[in-house]
Amino acid sequence: MDLHAELKAALEAVAEPGRAGPMQAYMRDQFVFLGVAAPQRRMAARGLLAGLQGIGADALLEHAQLLWQQPEREYQHVALDMLALHRRQLGIEHLPALLALARQRAWWDSVDGMAGIVGEVLQAERQRSGDGHAHMEGALRHDDFWLRRIAMLHQLGWRADTDAAWLFGAALALAHEDEFFIRKAIGWALRDYARHAPEAVTAFADAHRQQLSALSYREALKHQPR
């Protein structure tokens, strides 16, 4: 059996068909589901994905593309699990392929998962060369708002490594947009950084309150004492 046949068998073995309908409804009926909850999905696929250590980025991306083509949404989540597990095999040169993959069957779940992987790649590049965010400038200004969301969210969890100037600049660059998923991303990214630098985020949000949407401002300061 090949990897994809084994993954199919593993997921179908733990699927609960009764879950599929509610999972589909939660995603606004955009995708069909097998009915596999995230913990069961990860457990079922873990051994198979671990066996891909050292196969190289091109093979990983080929597997990811094949998984992305499957109709059931769990397979896209497995692809993201795989890329996250083997992110050290990915380099800055693979960002275009990752971003292209994110644009296919795009919704917040897959886009946010890819933002984390892109962030890992960029953080490693920044530590290696001191330059990482330049590779996000195109995404920040892309016509596809899902790529703009990835650009806004890629520093989630960076804490002290966050480039605050880039974060605040990106927030202002996107602040005029009406798209809910962009406004939410701005607030989320600021709120995440506020866990490390609450005073800086509060000062930024208050200084630019007229530019930020009410949603972005509220989300940015959600856990801040006022």
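Refer to the preceding data block for the structure.
Notes on the side chain of Ser213
Link 1 in the chain: Within the element layout of this structure, Ser213 appears in the loop between α12 (198-207) and α13 (214-220).
Link 2 in the chain: Residue class for Ser213 comes out buried when judged on its relative accessible area of 8%.
Link 3 in the chain: Within the structure, the side chain of Ser213 is placed 3.0 Å from the side chain of Ser216, a separation counted as a polar contact.

Looking at helix α5 (residues 73-85)
Link 1 in the chain: Compared with an ideal rise of 1.5 Å per residue, which puts 13 residues at 18 Å, α5 spans 19 Å between its outermost C-alpha atoms and is within 8% of the ideal.
Link 2 in the chain: Counting buried positions along α5 yields eleven of 13 residues, so the element is predominantly enclosed.
Link 3 in the chain: Next to the buried residues of α5 lie α1 (3-14), α2 (17-26), α3 (38-50), α4 (57-68), α6 (95-102) and α7 (108-129).

Structural notes on the environment of Val121
Link 1 in the chain: Structurally, Val121 is set in helix α7.
Link 2 in the chain: C-alpha separation for the pair Val121 and Met23, spaced 98 residues apart in sequence, amounts to 30 Å.
Link 3 in the chain: Setting aside residues no more than four positions away along its own chain, Val121 makes contact with Leu90, Gly91, Ile92, Leu95 and Leu98.

Some details on the packing of α4 against α6
Link 1 in the chain: Put simply, α4 and α6 touch, their axes get as near as 11 Å, and they point 5 degrees apart. It follows from the interaxial angle that α4 and α6 lie roughly parallel. On α6, the residues that touch Leu61, Ala64, Gln65 and Trp68 of α4 are Ala97, Leu98 and Leu101.
Link 2 in the chain: Broken down by class, the residue content of the contact of α4 with α6 amounts to six nonpolar, one polar and no charged.

Observations concerning the pattern of salt bridges
Link 1 in the chain: Enumeration according to the criterion identifies 16 salt bridges in this entry.
Link 2 in the chain: A salt bridge links Arg103 to Asp144; the shortest N-O distance between them is 2.8 Å. Pair noted here: Arg103 is in the loop between α6 and α7 and Asp144 is in the loop between α8 (137-140) and α9 (145-153), with a separation of 41 residues, a long-range link.
Link 3 in the chain: A relative accessible area of 43% means that Arg103 is categorised as partly exposed.
Link 4 in the chain: The closest approach of N and O atoms between Lys184 and Glu219, which form a salt bridge, is 3.3 Å.

Reading the values: the criteria
Residue positions are given per chain, counting from 1 as you read along its sequence in written order. The predicted origin of the model limits local features to residues at a pLDDT of at least 70 and limits the giving and counting of side-chain atom pairs to 80 or more, whereas totals for whole chains, interfaces and linings rest on all residues. Side-chain measures were taken over the full set of non-hydrogen atoms in the model, leaving aside hydrogen atoms and water. Helix and strand assignments come from DSSP, with helices taken as H or I runs of at least 4 residues and strands as E runs of at least 2, each series counted from the N terminus. To sort residues, take the accessible area from a 1.4 Å probe on protein chains only and compare it with the maximum for the residue type: under 20% means buried, over 50% means exposed, and anything in between is partly exposed. In protein, a polar contact requires one atom able to donate a hydrogen and another able to accept it; more generally it is a pair of N or O atoms within 3.5 Å, and residues adjacent in sequence count only if both atoms are side-chain atoms. The span one expects for a helix is its residue count, reduced by one, times 1.5 Å. In what follows, residue pairs with any heavy atoms lying within 4.5 Å of each other are defined as contacts. Interaxial angle, 0 to 180 degrees, is taken between N-to-C directions of lines fitted to C-alpha atoms, where a helix line uses only the stretch in contact. Comment on the angle field: the value is read as roughly parallel under 35 degrees, roughly antiparallel over 145, roughly perpendicular from 65 to 115, and oblique elsewhere. Classification used: nonpolar for Ala, Val, Leu, Ile, Met, Phe, Trp, Tyr, Cys and Pro, charged for Asp, Glu, Lys and Arg, polar for all others including Gly. Should a side-chain nitrogen of Lys or Arg be within 4 Å of a carboxyl oxygen of Asp or Glu, the pair is scored as a salt bridge.

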